[in-house]
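Chain by chain, the residues:
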There are 2 protein chains.
Amino acid sequence: MTEPMGRRERKKAATRQKIADTAMRLFLDRGYDAVGIRDVAAEADVAVTTVFSHFASKEALVFERDDDFEQRLTRAVTDQPLIPALRQEIRAMVRHCTADSAAPVWHMIDGSPALRQYEESMRLRHAEALAAAIAAGPGPDRTTTACRTIARFVVDAYALAREAADPDAAVDETFLMIEAAWEAARPERATLGSGAA
Amino acid sequence: MTEPMGRRERKKAATRQKIADTAMRLFLDRGYDAVGIRDVAAEADVAVTTVFSHFASKEALVFERDDDFEQRLTRAVTDQPLIPALRQEIRAMVRHCTADSAAPVWHMIDGSPALRQYEESMRLRHAEALAAAIAAGPGPDRTTTACRTIARFVVDAYALAREAADPDAAVDETFLMIEAAWEAARPERATLGSGAA
DNA sequence: ACCGTAGCACTAACGGTTACGGTTTTGGAA
DNA sequence: TTCCAAAACCGTAACCGTTAGTGCTACGGT
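Calculation criteria
- Here, residues in each chain are numbered from 1, in the same order as that chain's written sequence.
- By the order in which they are written, chains take letters starting at A while ligands take numbers starting at 1.
- At least 70 in pLDDT is required for a residue's local features to be given in this predicted model, at least 80 for side-chain atom pairs to be given and counted, and no such filter applies to totals for whole chains, interfaces and linings, which use all residues.
- Side-chain metrics rest on all non-hydrogen atoms present in the structure, leaving aside hydrogens and water.
- Only heavy atoms enter the contact rule, under which two residues are in contact if any of them lie within 4.5 Å.
- Throughout, buried area stands for the accessible area (probe radius 1.4 Å) lost by two parts on being put together, summed over both.
- Just to be clear on terms, a salt bridge is a Lys or Arg side-chain nitrogen sitting within 4 Å of an Asp or Glu carboxyl oxygen.
- For the purposes of these results, a polar contact is taken to be a pair of N or O atoms within 3.5 Å, where, inside protein, one atom must be able to donate a hydrogen and its partner to accept one; residues adjacent in sequence count only when each atom of the pair is a side-chain atom.
- The helix count covers DSSP runs of H or I at least four residues long, the strand count covers runs of E at least two residues long, and both are numbered beginning at the N terminus.
- By convention in these notes, a residue is near a molecule or strand provided one of its non-hydrogen atoms lies within 4 Å of it.
- The cut-offs for exposure are 20% and 50% of the maximum accessible area for each residue type, with area from a 1.4 Å probe on protein chains only; residues under the lower value are buried, those over the upper are exposed, and the others partly exposed.

As recorded by an unreviewed UniProt entry, chain A carries the name TetR family transcriptional regulator and is attributed to Streptomyces alfalfae.

What follows is the structure, encoded as structure tokens:
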């Protein structure tokens, strides 16, 4: 997986990491809004343009590792049955980001409309990727609409659980609803059909 | 509903409308990105600051009437049974914005990431309002989480149907799933309980 | 050893947004 | 009617995220 990177790639990765770390440190220190891109660039000792060559926007500095999120979701699709596999994955993610160690970061995110909005559209991207994975996955065939719908529901579950008083319970409750929705999406077999593939 | 407005309020509303109309005309004419706020202000013959005193952002100029959307959703909650009432409302909304006359506007929206993102966070606001309305509405009691979940599902249905090849069919299909999810959220009666209130 | 190019720097600008201070308009009270 | 406080609006200048343009340097493949 991690091939021997050349010096160039290593330097690039180091620069990227240095920028991300510096940014996060400044954000947590002084507040997201109080830190400008020029501050981050200066503190990380790079040019402003370099920051934007590594990160598409200021908000992306905060969600540096969002690729992981998407990959964990899409990989969970290969496990069966589908919905319980997704439930477990969502539960793990929610646990991860409601952990005490992550509290300051999420407090910052909740306090910034820009960051919240960015996270939303991130989730939508993930939902699209998940829908594609489900449609291509090993499970029984469903319509495109059903796949996209269930994918949205799953990322909704994450978003809602993150804000709930009892995240674990919220995941369970929402996934009961998702399971029912997924069953209802079986093609044409009404409510009691046996799943003959 | 529409109380007799004084001159001041009428003038204010007129200014707001003039700005919105001018903006939409310019946007459709030259493209959203090619029109600056300063252009809109000049064409509407107002100051830039006046534009922002009426609209919170450039994107808000495009979604001028989003209050309607929210109110239609929350009002539909008083009708029973809940899910079919919401389905009808969503269907009407989808029809409205997939009509030929609205095509240019939605084409513009689809072509601008900023507008798409703005619409997403708008929908989330609507979902929250809907969740509150459902929780306070006349239907049987459900958990807060169940209400928020269903509200998200409903606005998801709108978003997905708007992009589907056959919007009406997509609404129906998604609402079959939503209905099942809502049934599954009944408190503690497992899968076959009779709904004794 | 050499060349193509990836990575980075620097400056200047663009465009949405806001702060600020001043002017006009309006509704209502004296 | 007269007058006042608030509301609406104006104009300018600035802030900040983001991008274009240009060039330099160090690295990797040949």
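1. Notes on the interface of chain B and chain A
Size of an interface: often given as the accessible area lost when the parts come together. Contacts between the two partners involve 28 residues from chain B and, on the opposite side, 28 residues from chain A. Interface of chain B and chain A: buried area, both sides summed, is about 2,500 Å²; carbon and sulfur atoms make up 60% of it. Scanning the region where chain B abuts chain A turns up four salt bridges. Linking chain B to chain A there are five residue pairs in polar contact (both at pLDDT 80 or more). For the side of chain B that touches chain A, the elements supplying multiple residues, two or more each, are α7 (113–136), α8 (144–163) and α9 (167–184) of chain B. Examining the composition of the side of chain B that touches chain A, we find that eleven residues originate from one element, α8(B), more than from any other.

2. Examining the protein's contact with DNA strand C
Close contacts around DNA strand C come from 23 residues, with Ala47(A), Thr50(A), His54(A), Arg8(B) and Lys11(B) the closest. Backbone sugar and phosphate groups make up 62% of those atoms of DNA strand C lying within 4 Å of the protein. A distance of 2.3 Å is found between a phosphate oxygen of DNA strand C and a side-chain nitrogen or oxygen belonging to Lys11(B). One of the side-chain nitrogen or oxygen atoms of Arg38(B) is found 3.0 Å away from a base oxygen of DNA strand C.

3. Some words on unusual backbone geometry
Cis rather than trans, the peptide bond between Gln80(A) and Pro81(A) has omega equal to 0 degrees. Tracing the backbone shows Pro81(A) in the loop between α4 (66–76) and α5 (82–97). Positive phi, close to 60 degrees, is recorded for Asp45(B), a residue that is not glycine. Assignment of secondary structure puts Asp45(B) in the loop between α2 (37–44) and α3 (48–54). By relative accessible area, Asp45(B) is classed as exposed at 65%.

4. Things to note about the protein's contact with DNA strand D
Taken together, the neighbourhood of DNA strand D is formed by 23 residues, with Arg7(A), Arg8(A), Lys11(A), Lys58(A) and Thr50(B) sitting nearest. The protein-proximal atoms of DNA strand D, defined as those within 4 Å of the protein, are 62% sugar or phosphate. A distance of 3.4 Å separates a base nitrogen of DNA strand D from a polar atom in the side chain of Arg8(B). For DNA strand D, a base oxygen lies 3.3 Å from a polar atom in the side chain of Thr49(B). Mapped onto the surface near DNA strand D, the elements with two or more residues apiece are α1 (7–30), α2 (37–44) and α3 (48–54) of chain A together with α1 (7–30) and α3 of chain B.

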